[in-house]
Amino acid sequence: MKDDTREKRRPLTYFRYLLLACVAGLVISLGVAMTPRPAPEPPEPAFSEQARASALETSLRLRSSAQVLAEAAPEAQQAAFTRVVTLLTTQAKALLPAGTATSDPSASAKVPPSETAPSATSPEPSPSATAAAASAGELVAGLSASGVQRTSDAVAADGGMARLLAAVGTAQLLEASAFAGAVGIPAPEATVTGLTPEDAKQLKGGTPDCVASLSAAGASAAPPAGPPAPQTADSPSARSGEPGQGGLGQQGPLLAAALSMTVKTEAETVYGYQVALTRLEKSNTQSASSLMERHEQLLQEAEELSRLHCVETPHQEPGYSLKPEFLQAPAAGLASLEAETLPVYADLVALSEGPARRWAIAGLWEAARRSVQWGADPGAVPGVLFNVDQLPPLPDETAADDELPNDETAADDETADEQS
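Here's a quick rundown of the structure. (Residues numbered from 1 in each chain as written. Predicted model: local features only at pLDDT ≥ 70, side-chain atom pairs only at ≥ 80, totals over all residues. Heavy atoms only, no water.)

Secondary structure assignment for the protein yields 16 helices and zero strands. Per-residue burial for the protein yields a buried fraction of 40% across its 420 residues. Taking as baseline every contact in the protein between residues at least 6 positions apart, the subset at least 24 positions apart corresponds to 78%. If you sum the accessible surface of the protein, you get close to 23100 Å²; carbon and sulfur atoms cover 57% of it. (Helix = DSSP H or I, 4+ residues; strand = E, 2+ residues; numbered from the N terminus. Buried < 20%, exposed > 50% of the residue type's maximum accessible area, 1.4 Å probe, protein only. Contact = heavy atoms within 4.5 Å. Areas by Shrake-Rupley, 256 points an atom, 1.4 Å probe, with all protein chains shown as cover.)

Looking now at unusual backbone geometry. Not every positive phi belongs to a glycine, and Cys-310 is a case in point at roughly 60°. Looking at the element boundaries, Cys-310 is found in the loop between helix H12 (282–308) and helix H13 (324–328).

Turning next to a nonpolar patch on the surface. Residues Phe-15, Leu-19 and Val-23 make up a contiguous nonpolar surface patch of roughly 300 Å² in combined accessible area. By secondary structure assignment, the location of Val-23 is in helix H1 (residues 2–34). Using a relative accessible area of 45% as the deciding quantity, one classes Val-23 as partly exposed. (Patch = residues over 30% accessible without salt bridge, like charges linked within 9 Å, V, L, I, M, F, W, Y side chains within 5 Å. Salt bridge = Lys/Arg side-chain N within 4 Å of Asp/Glu carboxyl O.)

Estimated volume of the largest pocket: approximately 450 Å³. Along the walls of the largest pocket sit 22 residues, with Arg-83, Ala-171, Leu-174, Glu-175 and Ala-178 positioned nearest its centre. Residue assignment for the lining of the largest pocket shows that the elements contributing at least two residues are helix H3 (78–95), helix H7 (159–183) and helix H15 (354–373). If you tally residues by element for the lining of the largest pocket, the top one is H7, at seven residues. Counted by class, the lining of the largest pocket contains 13 nonpolar, five polar and four charged residues. In this model, the second largest pocket occupies a volume close to 260 Å³. Ser-321, Leu-322, Lys-323, Leu-337 and Glu-340 are, among the 13 residues lining the second largest pocket, the residues nearest its centre. (1 Å grid on protein atoms, 1.4 Å probe; cavity = no way out; pocket = protein on both sides within 12 Å on 5 of 7 lines; lining within 4 Å. Points joined across faces, edges and corners; volume = space filled by probe spheres on them. Nonpolar A, V, L, I, M, F, W, Y, C, P; charged D, E, K, R; others polar.)

Judged by nonpolar contacts, the single largest core of 54 residues is most densely connected at Leu-165, Leu-305, Leu-348, Trp-359 and Ile-361. Of all the secondary-structure elements, those providing two or more residues to this core are helix H2 (47–72), H3, helix H6 (136–156), H7, helix H11 (253–277), H12, helix H14 (330–351) and H15. The element that contributes the greatest number of residues to this core is H7, accounting for 10 residues. Non-local contacts of Trp-359, meaning those with residues more than four positions away in its chain, are made with Leu-195, Thr-262, Leu-298, Glu-301, Ala-302, Leu-305, Tyr-345 and Leu-348. (Core = buried A, V, L, I, M, F, W, Y, C linked by side-chain atoms within 4.5 Å.)

Next up on the list: the packing of H6 against H7. At a minimum axis distance of 7 Å, the contact between H6 and H7 shows a crossing angle of 160°. In terms of orientation, H6 and H7 fall into the roughly antiparallel class. In this structure, the crossing between H6 and H7 has a hand that is left-handed. When the residues that make up the contact of H6 with H7 are grouped by side-chain class, the tally is 15 nonpolar, seven polar and three charged. (Axes fitted to C-alpha atoms, helices over the stretch in contact; angles between N-to-C directions. Parallel < 35°, antiparallel > 145°, perpendicular 65-115°, else oblique. Left-handed = near helix turned anticlockwise from the far one by under 90°.)

This paragraph deals with the environment of Ala-350. Inspection of the secondary structure assignment puts Ala-350 in helix H14. Take Ala-350: its relative accessible area is 0%, and that puts it in the buried class. Linking Ala-350 and Ala-154, residues 196 residues apart in sequence, is a C-alpha distance of 9.2 Å.

Once that is clear, we can look at the side chain of Thr-89. Tracing the sequence through the fold places Thr-89 in helix H3. Overall, the relative accessible area of 12% leaves Thr-89 in the buried class. Discounting chain neighbours no more than four positions away, the residues touching Thr-89 are Arg-63, Leu-394 and Glu-397.

Attention now goes to the pattern of salt bridges. Side chains carrying opposite charge are able to pair once their charged atoms draw close together. Scanning all chains against the criterion turns up 11 salt bridges. Arg-83 is the partner of Asp-377 in a salt bridge, and the nearest nitrogen-oxygen pair spans 3.9 Å. Of this pair, Asp-377 sits in the loop between H15 and helix H16 (395–419) while Arg-83 sits in helix H3, and the two are 294 residues apart along the sequence. Look at Asp-377 and you get exposed, because its relative accessible area is 55%.

Moving on, we get to the packing of aromatic side chains. Describing an aromatic ring pair means giving the distance of the ring centres and the angle of the ring planes. Considering all chains together, one arrives at four aromatic pairs under this definition. Here Tyr-345 and Trp-359 contribute two aromatic rings whose centre-to-centre distance is 5.6 Å and whose plane-to-plane angle is 50°, an arrangement assigned as tilted. On the criterion of sequence distance, the pair formed by Tyr-345 in helix H14 and Trp-359 in helix H15 is long-range, its members being 14 residues apart. When sorted by exposure, Tyr-345 lands in the same class as Trp-359, which is buried. (Phe/Tyr/Trp six-rings, centres within 6.5 Å; stacked < 30°, edge-to-face > 60°.)

Listed below in structure tokens is the structure:
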């Protein structure tokens with residue numbers, strides 16, 4: 001009888017072991033599922049973001065150096081230091097990340113773009129651009145080095161950011177020269193590289209068969225399913241400026257409009273110089289004649305770029321309307337004409353790539369220099385139109401504004417104590 005009882009209890013024991021095994025497996029699986037996985041590494045920022053962060057970090061560093069140097073500078077140089085600080089403050093505000101008015105810029109500017117995304121168009125930053133300036137000479141060198149770096153980064157950046165970087169670099173190069181003259185030190189020799197020898201060879205290589213390439217592209221392309229999507233300056237199609245099928249590649253009519261506007265603007269500028277030469281003082285006629293020849297060359301190059309991209313050049317008018325003030329003050333009129341070319345070149349920077357963009361960046365730099373030569377102020381961001389009052393404040397400005405009410409309250413308390 002005892003042996004039979006043991007045989008009957010064995011299945012129940014096996015069932016308990018099976019239940020315990022299931023529970024143990026469930027606990028183990030829950031533990032594995034609830035164990036936190038390591039957070040994935042954030043993707044490397046795009047080159048445009050790295051270039052923007054580097055430009056912001058450098059502008060803030062140069063601004064801080066200028067503020068420190070201004071405290072010990074003689075009174076005769078205070079105006080020059082103030083101009084540098086104002087310029088760099090405006091540029092830093094324009095370079096702040098979109099939608100983050102008071103964010104810490106150093107958080108997104110840890111590594112300069114030349115170290116993380118090297119390219120053939122971005123030289124290594126010099127020590128002058130990466131260290132705090134200890135003298136006026138070092139500040140000039142830092143401004144110049146930063147300007148060269150910004151214009152180099154603009155070649156590879158996306159459309160809108162390329163325009164901003166080119167404008168910031170242009171203004172920094174101009175300010176380096178102006179500040180050097182104000183403090184009595186030699187101005188640095190900085191140039192913005194335009195067309196490369198390969199670009200010039202391509203430009204002189206002849207006009208592509210635009211009709212044949214357009215027909216081939218149209219025959220191979222499928223009909224669109226709906227209306228074309230609108231393009232913006234930052235869209236990939238708007239940023240592509242390399243000549244391809246049909247000459248225009250994928251960027252649509254935006255590059256064509258920018259090239260046509262450049263040709264038209266240069267033609268109007270040449271006409272303006274022709275009229276001004278008969279009214280300028282003799283001391284200005286030689287320089288004006290040289291600048292007119294340069295504009296004639298720019299007009300020819302703009303037409304060649306247009307033909308390279310299969311863009312029909314606009315018909316040149318026999319004459320253009322000029323404001324009455326232009327005839328009365330031709331030097332000021334030429335300054336206004338040169339200043340009006342800045343947005344045209346800046347737009348072409350944003351809407352092009354390759355040879356056209358390199359040519360436009362150099363054109364923006366030259367136009368800003370000519371504007372200064374005739375007495376115009378190209379601003380802190382030449383060619384980029386915006387309202388300075390609508391720019392976000394810098395972090396240190398926000399902190400100063402937060403402390404201002406406390407100071408005013410303390411002053412009110414002191415006044416009340418004196419009255420009592």
